Amino acid sequence: MSRNSLSNFFSRIFYGWRMVGLVTAIRIVGGGLHQFGFTVFFLPISQDLGISRAATSLAFSLSRAEGAIEAPLVGYLIDRYGPRPILVAAVFLAGVGYILLSWVNSYTGFMIVYLGVICLAFVAGFIHSPMVVANSWFIRQRARAMTVVSAAVPIGGALISPLLAIGVASIGWRWAAFVSGCIFLLVCLPLSFQLKRSPESMGLLPDGDVAPLHTGANSPADTATNKNDDADITSRQAMKTWVFWLFVISMTARVTCYSAATVHFIPFMVWKGLSEGAAAALLGAFAFFNLAAHFVLGWIADRVNKPKLLAACHIIPALSVPPLLSDSGYWPLWFFTIVFTFLDASFPIIWATVGDFFGRRYFATIRGMMSFFYMWGSFAGPIMAGAIYDRTHSYMMVLWIWLSLLTFATLLVLFLIRPWTDRMALLNPNRH
């Protein structure tokens, strides 16, 4: 293919996919160096600073609580000023934070840098902003775009985290942290400056649609624009709807289960009789199936009733729990490993459904308010599972709690089916 042909090919790609590709690249780096990278830094930092594993784990739990508290403000700022200034500031602070981390010599210094610089920036720029970009540039292909963005984190974990582990082993965690900070500044920062707020800011329409040629006051273009404006619901209006709270309660239940399962995955598998090596191998399979499930579910979501698909993504993991309540062999562990990834892989479908209900203009603020409530589930889930095991030396009660919560979440999601169908009929009267 010639250079001109290649240039023409890329010029025909809708600009929204370029924006999704941009934030996805940034999230791949962030996922590999930070979200999965924290596990790589965990033991070296705790050993070098002479702190316990419980004290190091506290930083992880507090970062979740910090993310919940700041989410409403972050959402408001993104809606007010757009995702680019938030993403630029976040990437810069992440880079500076990891460079500062390489110099810390005390637990206090570690907590200040990790919570006050790195995590503060990461939640705003690497978690909220990219999803807002996908929601702003797409409507019909919203779930697909969000799936690409969401899959970036496990991709980063698979590609970058092993290299980070090699770096920590060869040059030490401090130099590895310093290099990580430089990568954020030299790779992600230039990319973040290229972000565009919305298709309308460039004279385009979502999904790459072409505006009708009619220009009269009552033209189809004006009608479509007015309908799009009417579809946007403010955060205050959204919080007065029972749909908002169905999302919040169901997401709290699911993240409580999923966060506990991921943090306790290896200890749980050892409790079921596996060696630590075999459990670690199963964890690798868990990450692989998570990535595969992201793309499969994302491809399906824009073609079906989203709440029905979400209900399936809750009940199928729930069905993997009963076989674990008895010593029934190795296959239930594999079944659990494969289908429990649906809880994480369906997250972009949830946000796409939220976008279907509440529109694009105030999406970041609504997402932030939802995060403020449901993120406490991810804070409490691992602590609850650990406390139950410390007291009973068993995960049996934890399994019963997972089964109950996922069944409850499934029932809540089922109540969204009819409202979503009515909403889509209102916004797309010609769709069948």
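See above for the structure.
Just so you know, these numbers come straight off a predicted model, no measurement behind them. (Residues numbered from 1 in each chain as written. Predicted model: local features only at pLDDT ≥ 70, side-chain atom pairs only at ≥ 80, totals over all residues. Heavy atoms only, no water.)

### Some thoughts on the packing of aromatic side chains
A complete count under the given rule lists 34 aromatic pairs for this structure. Centre to centre, the rings of Trp271 and Tyr395 are 5.7 Å apart; their planes meet at 70 degrees, and the pair counts as edge-to-face. Note that Trp271 is positioned in helix α13 (residues 265-271) and Tyr395 in the loop between α19 (363-392) and α20 (396-414), a separation of 124 residues in sequence. Residue Trp271 is classed as partly exposed on the basis of its relative accessible area of 25%. Between Trp351 and Phe363, the aromatic rings sit 6.3 Å apart at their centres with planes inclined by 85 degrees, giving edge-to-face as the arrangement. Of this pair, Trp351 sits in helix α18 (residues 347-358) while Phe363 sits in helix α19, placing them 12 residues apart in sequence. Judged by its relative accessible area of 2%, Phe363 falls in the buried class. Just above the ring of Trp351 sits the side chain of Arg367; from NZ or CZ to the centre is 4.5 Å. (Phe/Tyr/Trp six-rings, centres within 6.5 Å; stacked < 30°, edge-to-face > 60°. Helix = DSSP H or I, 4+ residues; strand = E, 2+ residues; numbered from the N terminus. Buried < 20%, exposed > 50% of the residue type's maximum accessible area, 1.4 Å probe, protein only. Lys NZ or Arg CZ within 6 Å of the ring centre and 35° of its normal.)

### Observations concerning the nonpolar core
Core analysis: the largest hydrophobic core is formed by 94 residues, its most contacted members being Leu101, Phe110, Trp351, Phe358 and Met370. Considering every element that reaches this core, the biggest residue donor is helix α6 (residues 107-137), with 15 residues. With near-sequence residues (within four places) excluded, Phe110 lies in contact with Phe38, Ile45, Leu49, Ala59, Leu101 and Val104. One finds Cys257, Phe268, Leu403 and Leu406 within the second-largest nonpolar core, a separate group that totals 26 residues. (Core = buried A, V, L, I, M, F, W, Y, C linked by side-chain atoms within 4.5 Å. Contact = heavy atoms within 4.5 Å.)

### Brief notes about the environment of Gly284
Here Gly284 lies in helix α14 (residues 276-301). Residue Gly284 is classed as partly exposed on the basis of its relative accessible area, which comes to 41%. Between the C-alpha atom of Gly284 and that of Phe244, which follows or precedes it by 40 residues, the distance is 35 Å.

### Regarding the pattern of salt bridges
Applying the stated criterion across every chain, the model contains six salt bridges. Arg174 is the salt-bridge partner of Asp48, the closest N and O atoms lying 3.2 Å from each other. Within this pair, whereas Asp48 is found in helix α3 (residues 37-49), its partner Arg174 is found in helix α9 (residues 173-192), the two being separated by 126 residues in sequence. By relative accessible area, which is 23% here, Arg174 ends up partly exposed. Two residues, Arg144 and Asp302, come together in a salt bridge whose shortest N-O distance is 3.7 Å. With a gap of 158 residues between them, Arg144 in helix α7 (residues 142-159) and Asp302 in the loop between α14 and α15 (306-319) connect regions that are remote in the sequence. (Salt bridge = Lys/Arg side-chain N within 4 Å of Asp/Glu carboxyl O.)

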